[in-house]
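Structural overview for review
Listed here are the chains, written in short residue letters.
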Amino acid sequence: MNLALPLPEYGVLGLALVVLLYDLVVPERVSRRALGWVCALGFAGVLALLLRSDAPQVAPVPTAFGGMYVADGLALAFKTLIVAAAMLASLASLDYLEARGVRWQGEYYLLLTLVTFALMCLVSAGDLLTLYVALELNSIGFYALVAVLKGRSLTSSEAGLKYLILGALSSALLLYGISLLYGLSGTVSLAGLAAWAAGAARSPALVVALALVAAGLAFKMSLVPFHMWAPDVYQAAPTPVTAFLSVAGKTAALALLVRVLDAALGGFIGVWDKLLMVLMAATFVWANLGALKQRDAKRLMAYSSVAQAGYLAIGVAAGSALGLQAALFYALVYVFTNVAAFQVLQLVAESGGPELSGLRGLGRRSPGLALILAAAVLSLAGIPPFGGFFGKFYLFAAGVREGIVAGRSWLLALVGLAVVMSIVSLFYYLILVKQMYIEPADPEAPGTGGPVAVPLGARLVLGVCAAMILWTGLYPSPILAWIRQALF
Amino acid sequence: MAFTVTVMGLLIFAAAVAANFAGMILTSTILGPKRRNSVKDQPFECGSLPVGPTHTRFHIRFYLTAILFLIFDIEVVFLYPFITILRPELGVTGLWIMGAFLAVLVFGLAYEWRRGGMEWD
């Protein structure tokens, strides 16, 4: 057993203890704002460690704790994304919490680090039980983070409660599915399940187990019809938490789908791919049509995130190495694009309010912010030269290739639907652009005067995200090489 | 041989307990005063009412006590088997790992203390 293997996790856990200690030692009256910088620096250190470590390139991947912790390239790549998102979320939180006078800032950063730790364990899970415990740990942290504006915003508490109740329901579904799988196979280890799935017969119990597991995971990934928590939670949660939840929570759920469905239960792809494709088709249609009617900017982005989760799942449904690479690339683009969009919306909402109309005149007031938001939403819509175009292109290509090579015509139809609904999505993404550049600003509305104030933390977030949106779109080959090396 | 000794020890202990028990009851029956009243005929006479509503309400603050209990209960659950195999198997590495585990718990305890979780009001 190699105890030094989970070094990045130890790093994040150590950071959590540092945050806790700081919060305990520093007197109450001193602002906890510095903790945001501490977290950002700590996450940057862990990120450097992750980027420097090489993915294992030979067959038996290193494991620890009796196979419960797996350190393969998939885990490494997803951890890199999660820690990067956590770093950006800490930077985005600094001034947001300070401006609202949130009382529990120490706890906020502590929960942020612990959620990151849980997400890292989640993508490294080699066992259904580790997976479940890590999933619960990150969910409980997120319930509290969503409701951190308690006392200042009623909707934040409401969203936290909704998320808690629905999250508990989904955990129960997943756990029931896991217990059925264990009853059928006699093992909870993912490697053991893969060996069992290669030769096991299909049974009605297996279909129920797969449906329950897929439902539990689809809930975390917010695929329709398990998305109903997402709009309320995304709208009412503090914006940095929304950004972190939408990118880190979703990429970790994607890693789980890959690990559980593709890797461990790949032998039953003929059973679960139909379940997954029904969910995805519903997601494409419902999320993209639902977004058209939204008036609140964060709620619109919530529906957009639900739709994006559907695109990400194409890579899982394809079940091929190409599909996995494409999903990882798209997840990378999605992390930076979505964080950029939420960061701009957060800054604009400080003066213009949460409504879409608050964006009016932004093109003249703050041309830089407007440009970044426009680039982000066009990237989400899949317009070149931004990263989202290549991401969608690789995903759709992987789906079409798998559909033709393996003769899975339903997959082809699904990709066709995704392309059509992607065009529909362009409409609501362009509503955002239209509000910023074309709609005349109401001179009576509050905060329509000067440029939007952009504090240093937000500046860093926007700089990193804008650079990544352009880099992934203009010169993606080094990133693709990194992904291929990670997923050998 | 060793088995017989153990069993003999147990038997002697059991006999001593039984004798002690019987002796106490017997002594109090012979020597104690006997004044009967209605309260003494109730199943319990420690001041709690034998009949009443079953859904009793208790203070929400007990949840913190419950959480604390869980944490330290788990700690003991880990500590006990740890101690039994520390010498033969785990060695110094095991001691360090357990130290790290306990350190995390101590941090939690410090947090809880500092935030006033131990105070009732």
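Since the model is a prediction, treat every value here as computed from it, not as a measurement. (Residues numbered from 1 in each chain as written. Chains lettered and ligands numbered in written order. Predicted model: local features only at pLDDT ≥ 70, side-chain atom pairs only at ≥ 80, totals over all residues.)

**Points about the overall build of chain B**
Threshold: Counting from the N terminus, the helices are DSSP H or I runs at least four residues long and the strands are E runs at least two residues long. To get the radius of gyration, use the C-alpha atoms; to get the globule rule, take the number of residues to the power 0.38 and multiply by 2.2 Å. Exposure is read from a count of other C-beta atoms within 10 Å of each residue's own; the residue is exposed at 12 or fewer, buried at 20 or more and partly exposed in between. C-beta atoms are placed from the backbone.
Within chain B one finds two helices and zero strands. Relative to its length of 121 residues, chain B is extended, with a C-alpha radius of gyration of 25 Å against a globular reference of 14 Å. Counting only C-alpha atoms, chain B reaches 65 × 60 × 25 Å along its principal axes. Split into buried and exposed, the 121 residues of chain B put 0% on the buried side.

**Things to note about the overall build of chain A**
Threshold: In this description, a residue-residue contact is defined by the distance between C-beta atoms placed from the backbone, which must lie within 7 Å.
Helices and strands together make up the secondary structure of chain A, namely 19 helices and two strands. In terms of overall size, chain A behaves like a compact globule, its C-alpha atoms giving a radius of gyration of 21 Å where 488 residues would be expected to give roughly 23 Å. Of all 488 residues assigned to chain A, the portion counted as buried reaches 56%. Taking contacts inside chain A between residues at least 6 apart in sequence as the whole, the part at least 24 apart equals 80%.

**Some words on the nonpolar core**
How we decide: As used throughout, a nonpolar core is a set of buried Ala, Val, Leu, Ile, Met, Phe, Trp, Tyr and Cys residues joined through C-beta atoms within 7 Å of each other.
Judged by nonpolar contacts, the single largest core of 186 residues is most densely connected at Ala85, Leu122, Leu257, Val339 and Leu373 of chain A. Not counting residues up to four positions away in its chain, the partners in contact with Leu373 of chain A are Ala341, Val344, Leu432 and Met436 of chain A.

**What about the confidence of the model for chain B?**
Keep this limit in mind: You can read pLDDT as the predictor saying how much it trusts each residue, on a scale of 0 to 100.
Averaged over every residue, the pLDDT of chain B is 84; the share at 70 or more is 94%. This complex was scored by the predictor with a pTM of 0.88 and an ipTM of 0.72.

**Overview of helix 16 (residues 387-405) of chain A**
Along an α-helix, residues three or four positions apart point the same way, because every turn accommodates 3.6 residues. Residues and elements named next belong to chain A. As a reminder, the rule being used: The span you would expect from a helix comes to 1.5 Å times its residue count less one.
The first and last C-alpha atoms of helix 16 sit 27 Å apart over 19 residues, in line with the 27 Å expected at 1.5 Å per residue. Of the positions making up helix 16, those classed as buried are Gly387, Gly388, Phe390, Gly391, Lys392, Tyr394, Leu395, Ala398, Gly399, Glu402 and Gly403. Against helix 12 (297-318), helix 13 (321-352), helix 15 (367-381), helix 17 (409-437) and helix 18 (456-474) lie the buried residues of helix 16. Remark: Gly407 follows helix 16 within two positions and exhibits a positive phi of approximately 65 degrees.

**With respect to the packing of helix 15 of chain A against helix 17 of chain A**
Residues and elements named next belong to chain A. This is how it is decided: For helices, the fitted line uses only the C-alpha atoms of the stretch in contact; every axis is such a line through C-alpha atoms, and the angle between N-to-C directions lies from 0 to 180 degrees. Our angle categories are set so that under 35 degrees counts as roughly parallel, over 145 as roughly antiparallel, 65 to 115 as roughly perpendicular, and the remainder as oblique. Each residue gets one label: Ala, Val, Leu, Ile, Met, Phe, Trp, Tyr, Cys and Pro are nonpolar, Asp, Glu, Lys and Arg are charged, and the others, such as Gly, are polar.
Contact geometry for helix 15 and helix 17: axes closest at 9 Å, N-to-C directions at 170 degrees. Compared by their axis directions, helix 15 and helix 17 come out roughly antiparallel. On the side of helix 15, the interface is formed by Ala370, Leu373, Ala374, Val377, Leu378, Leu380 and Ala381, while helix 17 contributes Ser425, Leu426, Tyr429, Leu432, Val433, Met436 and Tyr437. Here the residues of the contact of helix 15 with helix 17 sort into 13 nonpolar, one polar and no charged.

**Considering helix 9 (residues 229-236) of chain A**
All names here are of chain A. Counting buried positions over the eight residues of helix 9 gives seven, a clear majority of the element. Those residues of helix 9 that fall on the buried side of the exposure criterion are Trp229, Ala230, Pro231, Val233, Tyr234, Gln235 and Ala236. If you follow the buried residues of helix 9, they end up packed against helix 5 (128-146), helix 6 (154-185), helix 10 (239-264) and helix 12.

**Regarding the domain arrangement of chain B**
Many analyses report the size of an interface as the accessible area lost when the parts associate. Operational definition: Each domain's extent is set by a domain assignment, obtained either automatically or from a database.
Each domain of chain B was delimited in the assignment, giving domain 1 (1-32) and domain 2 (59-121). The straight-line distance from the C-alpha centre of domain 1 of chain B to that of domain 2 of chain B is 39 Å.

**A short note on the environment of Gly199 of chain A**
By secondary structure assignment, the location of Gly199 of chain A is in helix 7 (residues 190-199). C-alpha of Gly199 of chain A to C-alpha of Tyr69 of chain A: the two residues are 130 residues apart in sequence and 25 Å apart in space.

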